[in-house]
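Structural description and commentary
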Amino acid sequence: MSSKENPRKISRRHAILLVGAAAAAAGMLPRVSLADKEATEAAVKAAGGDGASSGGITLDLPQIAENGNTVPVGVEVESPMTADNYVKTVHLFAEGNPNPQVCAMHFTPASGIAKASTRIRLAKTQNIVALAEMSDGSFRRETVEVKVTIGGCGG
Amino acid sequence: MQKNTFTGLMAGAAVAAVFSIAAVASGEPKSGYQFAEPETRAMQDDDFSNPAMLVADYGGDLWSTPDGEANKSCEDCHGDAAVSMKGVKTRYPTYYQPWGKMINLELRINECRKNNQKAKAWKYESKEMIGMASYVGYQSRGMSMAVDIGGKATPFFKKGKEFFYERRGQMDMACSHCHEDNAGNMIRANLLSEAQVNGFPTYRLKWSGVGTLHRRFKGCNDNIRAEPFKRGSDEYVNLELYLAWRGRGLTVETPSVRN
Amino acid sequence: MASAKPRVKVPKTAASGEIIEIKSLISHTMESGQRKDKEGKLIPRKIINKFVVTFNGKEFFSCDWAPAVAANPYMAFHMRATESGTMEFAWTDDDGTVYTDKKDLKVG
């Protein structure tokens, strides 16, 4: 809808619409919102992990996922895994997914080591949070970022 | 522990540089395996972590299951697949006298079903066909691809080669533009491979499942906004022949894992 | 839906006290409940939500799975081998179906 006097000149109205559309498009770019982070922290709290300390967790994830629908993840929590000192549960949360819960791994002293791996779905670039519950009631946590891209020719 | 960012970027750049230098034109084909991320390769490396093996297992079950009016299983005629099917994948597509043209593995399986089992043809992309093609292909794992393009196969090989270099679709692109001229380069966030066929049927992460080569051809044609051909069409079988020849010497990886 | 037998990798033998790695793989679409069909309707969720592993009847590892677990779920984990016996695997589907597998282990 260009101005009547000069077909090449963009009308003021048209310019405002263009800028508005660009801003809306920018806002629609996938990003982890404050709401997503809050949902994850609420899930961590519900699992009892409020005030979890850091350290003692190795969270293995690719820096850039080959494909967001199948991302290999490995986790290991340091622990003697004896009857009175072992890792009970390791939760995985995906901050940028529609729901933060990914899985909850339940170990026992018979596991020998608190180490497991699986493959997960990630909707977009985001942080993965591992939360470990120890047999003495204490918690530890670790965070790693994974980049998820939109493919190349047709996704 | 997460891989170091800098190391990862440098390694990625080095890998891309090597691949873009040593293209197919130099005569050294590179399997899609070498273009995949380490995590994707790890998925393929162990038959107990490779999801495509579940599909090959299903094919193995079908191998011993009687079917058709003749109520015969593949095993009744072919015995142990590890013996009778060894090497089969390395020489397909092959010239098929009754049709006077090339035939690939999937189409050959249906010929056997029709003629010997008196059974209904499996749909090309059905789980039965994919399972059987994966199971049969698996028996040639580790063997070098060695398709024959001489004699009666030559005119079809020429057609397949023409297809590979022919522009098509809205984007007016040929297979070679991406997979020969730009193998090892990025297209947005994907790394372009050489389009080798040594790992098909393959578990594509994108499909979250196993699919045939012709499914991949269709996807590629769709991507450049070209009218795709039907699975099992002469065009795709001839192209498959050309690509199999182009990848001669690569080891069969069926069923592989790719992005 | 699991249309094929699961694949599990357990060593045939282990030394007493050795920590062994076990790998498991099962065919399942893990329908998340987020996808839409051609008419735009949500495809209902249908996943394996629980994976339990026992040895000689005693549970030593289990995992609760959410829709964020990838299709054809894979899980690798460990066990300290102390005695010979049978390892049993159970995958529970949302619809209540339980898929199983088992492997023997010789220790000593």
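Residues numbered from 1 in each chain as written. Chains lettered and ligands numbered in written order. Predicted model: local features only at pLDDT ≥ 70, side-chain atom pairs only at ≥ 80, totals over all residues.

Read across the sheet, 6 strands follow the order β2(A)-β4(A)-β7(A)-β6(C)-β3(C)-β1(C) without closing on themselves; strand pairing throughout is antiparallel. Each edge of the open sheet carries a strand with a single partner, namely β2 (57-60) of chain A together with β1 (7-9) of chain C. In this sheet, neighbouring strand axes are inclined to one another by 15 degrees on average, regardless of whether the strands run parallel or antiparallel. Note: β2(A) against strand β4 (residues 71-77) of chain A, 4 bridges, orientation antiparallel. Looking at the pairing, Ile57(A) lines up with Val77(A) of β4(A). (Pairing = 2+ DSSP bridges. Helix = DSSP H or I, 4+ residues; strand = E, 2+ residues; numbered from the N terminus. Axes fitted to C-alpha atoms, helices over the stretch in contact; angles between N-to-C directions.)

This next bit is on the interface of chain C and chain A. Each partner contributes residues to the interface: chain C has 20 residues there, and chain A has 25 residues. Counting only elements with at least two residues in the side of chain C that touches chain A, the list comes to β5 (58-65) and β6 (74-80) of chain C. No other element matches β6(C), which puts 7 residues into the side of chain C that touches chain A. Considering only residue class, the side of chain C that touches chain A consists of 15 nonpolar, 3 polar and 2 charged. (Contact = placed C-beta atoms within 7 Å. Nonpolar A, V, L, I, M, F, W, Y, C, P; charged D, E, K, R; others polar.)

So, about the nonpolar core. If you look at the biggest cluster of nonpolar residues, it comprises 114 residues, and the most contacted ones within it are Val102(A), Ile120(A), Ile128(A), Ala130(A), Leu241(B) and Val69(C). If near-sequence neighbours (up to four positions away) are discounted, Val69(C) is found in contact with Val102(A), Cys103(A), Thr118(A), Ile120(A) and Met30(C). (Core = buried A, V, L, I, M, F, W, Y, C linked by C-beta atoms within 7 Å. Buried ≥ 20, exposed ≤ 12 C-beta atoms within 10 Å, placed from the backbone.)

The next thing to look at is the sheet that holds strand β6 (residues 209-211) of chain B. Hydrogen bonds between backbone groups are what pair the strands of a sheet, and the pairing can be parallel or antiparallel. Residues and elements named next belong to chain B. Taken in spatial order, the 3 strands line up as β6-β5-β7 in an open sheet, and their pairing is mixed. Of all the strands in the sheet, just β6 and β7 (256-258) have a single pairing partner and so form its edges. Neighbouring strand axes in the sheet, compared pairwise and without regard to direction, differ in orientation by 40 degrees on average. Pairing analysis gives 3 bridges linking strand β5 (residues 202-204) to β7, with the strands arranged parallel. Looking at the pairing, Thr202 lines up with Ser256 of β7.

A word on unusual backbone geometry. All names here are of chain B. A cis amide bond links Tyr92 with the next residue in sequence, Pro93, at an omega value of 0 degrees. Checked against the element boundaries, Pro93 lands in the loop between α5 (81-84) and β1 (94-96). Residues Phe200 and Pro201 are joined by a peptide bond in cis, for which omega reads -10 degrees. Take Pro201: it is sitting in the loop between β4 (190-191) and β5. One non-glycine residue, Asn71, lies in the positive phi region at around 50 degrees. A tally of 11 C-beta atoms within 10 Å means that Asn71 is categorised as exposed.

What follows deals with the environment of Val144(A). Residue and element names in this part refer to chain A. In this fold, Val144 is placed in strand β9 (residues 139-148). Among the residues examined, Val144 registers 19 C-beta atoms within 10 Å and is labelled partly exposed. Expressed as a C-alpha distance, the spacing of Val144 and Thr58, which sit 86 residues apart in the sequence, is 9.7 Å.

A few words now on the interface of chain A and chain B. Tallying the contact residues gives 16 residues for chain A and 19 residues for chain B. For the side of chain A that touches chain B, the residue count by class is 6 nonpolar, 9 polar and 1 charged.

Bringing the packing of helix α6 (residues 105-117) of chain B against helix α7 (residues 127-138) of chain B into the picture now. Residues and elements named next belong to chain B. Put simply, α6 and α7 touch, their axes get as near as 10 Å, and they point 110 degrees apart. By the criterion of interaxial angle, the relationship of α6 to α7 is roughly perpendicular. Two secondary-structure elements touch here, α6 through Leu105, Glu106 and Ile109 and α7 through Met129, Met132, Ala133, Val136 and Gly137. Residue classes in the contact of α6 with α7 are distributed as 6 nonpolar, 1 polar and 1 charged. (Parallel < 35°, antiparallel > 145°, perpendicular 65-115°, else oblique.)

To continue, consider the pairing of strand β8 (residues 126-134) of chain A. In terms of residue burial, β8(A) counts as a mostly covered element, since 7 of its 9 residues are buried. The loop that links β8(A) with its antiparallel partner β9(A) comprises 4 residues; one of these, Gly137(A), has a positive phi angle of about 90 degrees.

To continue, consider the environment of Asp94(C). All names here are of chain C. In this structure, Asp94 sits in the loop between β7 (85-93) and β8 (98-107). Accessibility expressed as a C-beta count within 10 Å gives 16 for Asp94, which makes it partly exposed. Between the C-alpha atoms of Asp94 and Glu18, which are 76 residues apart in sequence, the distance is 35 Å. When residues no more than four places from it in sequence are discounted, the contact partners of Asp94 are Arg45, Lys46, Ile47 and Asn49.

As a further point, take the environment of His78(B). All names here are of chain B. Relative to the elements of secondary structure, His78 occurs in helix α4 (residues 74-78). According to the C-beta neighbour criterion, His78 is partly exposed, with 16 such atoms within 10 Å. Distance from His78 to Pro255, taken between C-alpha atoms, is 21 Å for residues 177 residues apart in sequence. In this structure His78 touches Ser84 and Met85, once residues within four positions along its chain are discounted.

Residues and elements named next belong to chain B. Viewed as axis vectors pointing N to C, helix α3 (residues 52-63) and α7 meet at an angle of 95 degrees, and their least axial separation amounts to 7 Å. On the basis of the axis angle, α3 is roughly perpendicular to α7. Contact residues: α3 offers Ala52, Val55, Ala56, Tyr58, Gly59, Gly60, Leu62 and Trp63, while α7 offers Lys127, Glu128, Ile130, Gly131, Met132, Ser134, Tyr135 and Tyr138. Partitioned by chemical class, the residues of the contact of α3 with α7 number 10 nonpolar, 4 polar and 2 charged.

Below, the discussion takes up the domain arrangement of chain B. Residues and elements named next belong to chain B. On domain assignment, one finds that chain B holds domain 1 (5-49 + 144-258) and domain 2 (53-138). Of note, the centres of domain 1 and domain 2, computed from C-alpha atoms alone, are 24 Å apart. Between domain 1 and domain 2, the residue contacts involve 26 residues of the former and 22 residues of the latter. Going through the elements one at a time, β6, α10 (213-223) and α11 (234-246) are the ones with two or more residues in the side of domain 1 that touches domain 2. Residues that form the side of domain 1 that touches domain 2 fall into these classes: 12 nonpolar, 7 polar and 7 charged. (Domains from an automatic or database assignment.)

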